[in-house]
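Each chain, written out:
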Amino acid sequence: MPKTPIINPEQSYSFSDYFKLNFAPQDILAYFKVKLQRARLELPHYPGPLDRLADLKARIANTLPRLSLNSEMARREFLIAPVLTDLLHYTEATLNVEYPVAVNHQLKGSLDYLLQNEQTFLVIEAKNEDLERGFLQLAIELIALDQWLDVDQPLLFGAISTGNIWQFGQFDRTSRQITQDLDLYRVPTDLDDLLPILIHILQPEQKLI
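Residues numbered from 1 in each chain as written. Predicted model: local features only at pLDDT ≥ 70, side-chain atom pairs only at ≥ 80, totals over all residues. Heavy atoms only, no water.

**Describing the pairing of strand 7 (residues 177–181)**
At step 1: Burial runs high along strand 7: four of the five residues are buried.
At step 2: Note that strand 1 (residues 35–39) and strand 7 share five bridges and pair parallel. Paired with A39 across the two strands is D181, which belongs to strand 7.
At step 3: Linking strand 6 (residues 165–172) to strand 7, which pair antiparallel, is a turn of four residues; within it R176 sits at a positive phi near 60°. (Buried < 20%, exposed > 50% of the residue type's maximum accessible area, 1.4 Å probe, protein only. Helix = DSSP H or I, 4+ residues; strand = E, 2+ residues; numbered from the N terminus. Pairing = 2+ DSSP bridges.)

**Considerations on helix 6 (residues 191–202)**
At step 1: With twelve residues, helix 6 extends 16 Å between its outermost C-alpha atoms, agreeing within 8% with the 16 Å of an ideal straight helix rising 1.5 Å per residue.
At step 2: Most of helix 6 sits inside the fold, with ten of its twelve residues counted as buried. (Expected span 1.5 Å × (residues − 1).)

**What about helix 5 (residues 131–148)?**
At step 1: Compared with the 26 Å implied by 1.5 Å per residue over 18 residues, the 25 Å span of helix 5 between its first and last C-alpha is a close match.
At step 2: Counting buried positions along helix 5 yields 14 of 18 residues, so the element is predominantly enclosed.
At step 3: Residue D130 occupies the N-cap position of helix 5, its side-chain oxygen lying 3.3 Å from the main-chain nitrogen of E132. (Polar contact = N/O pair within 3.5 Å; in protein donor to acceptor, adjacent residues only side chain to side chain.)

**Here's the deal with the environment of P196**
At step 1: On the secondary structure map, P196 appears in helix 6.
At step 2: Taking relative accessible area as the criterion, P196 reaches 6% and is therefore assigned buried.
At step 3: For the pair P196 and G48, spaced 148 residues apart in the sequence, the C-alpha separation amounts to 8.4 Å.
At step 4: Sequence-distant contacts of P196, defined by excluding residues within four places in its chain, comprise P44, H45, Y46, L50 and L191. (Contact = heavy atoms within 4.5 Å.)

Structure follows, in structure tokens:
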């Protein structure tokens, strides 16, 4: 960590402000006494049948050729929202959109999508399709959730998405370590892996439905 503070302890920061910082992610996270590692996450898959998967893949595949990905609203409504809608179908989780969090003056803002069931799972959209800076913002929001939520969950999971690309992150609350997954999941090509992973994260003891 640099000797000179890169974050002003007296200054107020929202979650989106961290996206704009040009410092190394590990240095920013070190300010919160959190370590960053990049490694392949071994994410289990829900093994049961997915009755809506084929239809989801077909709908997104038919939409993509006609969709301008320059629009953040288009990516949200036509790529991210359909995946989350089907995720709610399989898990019966609750979904909060633009969920407000205010831990302190440096950990505050709105979470794009917060899903809760047996577990809590965070999804944020990568602004300007920038996965690296988007992942830093995801990490900061997971740090905030660690202090905001009163849940007995040793690992907090989240994902950053451009709509057609997803990347997972994991926060170990005991060791104070964020892991950035090395794998990327494409939509709709990798939905056969992405959706079962999402289901298992939200309901590790998922019963077949």
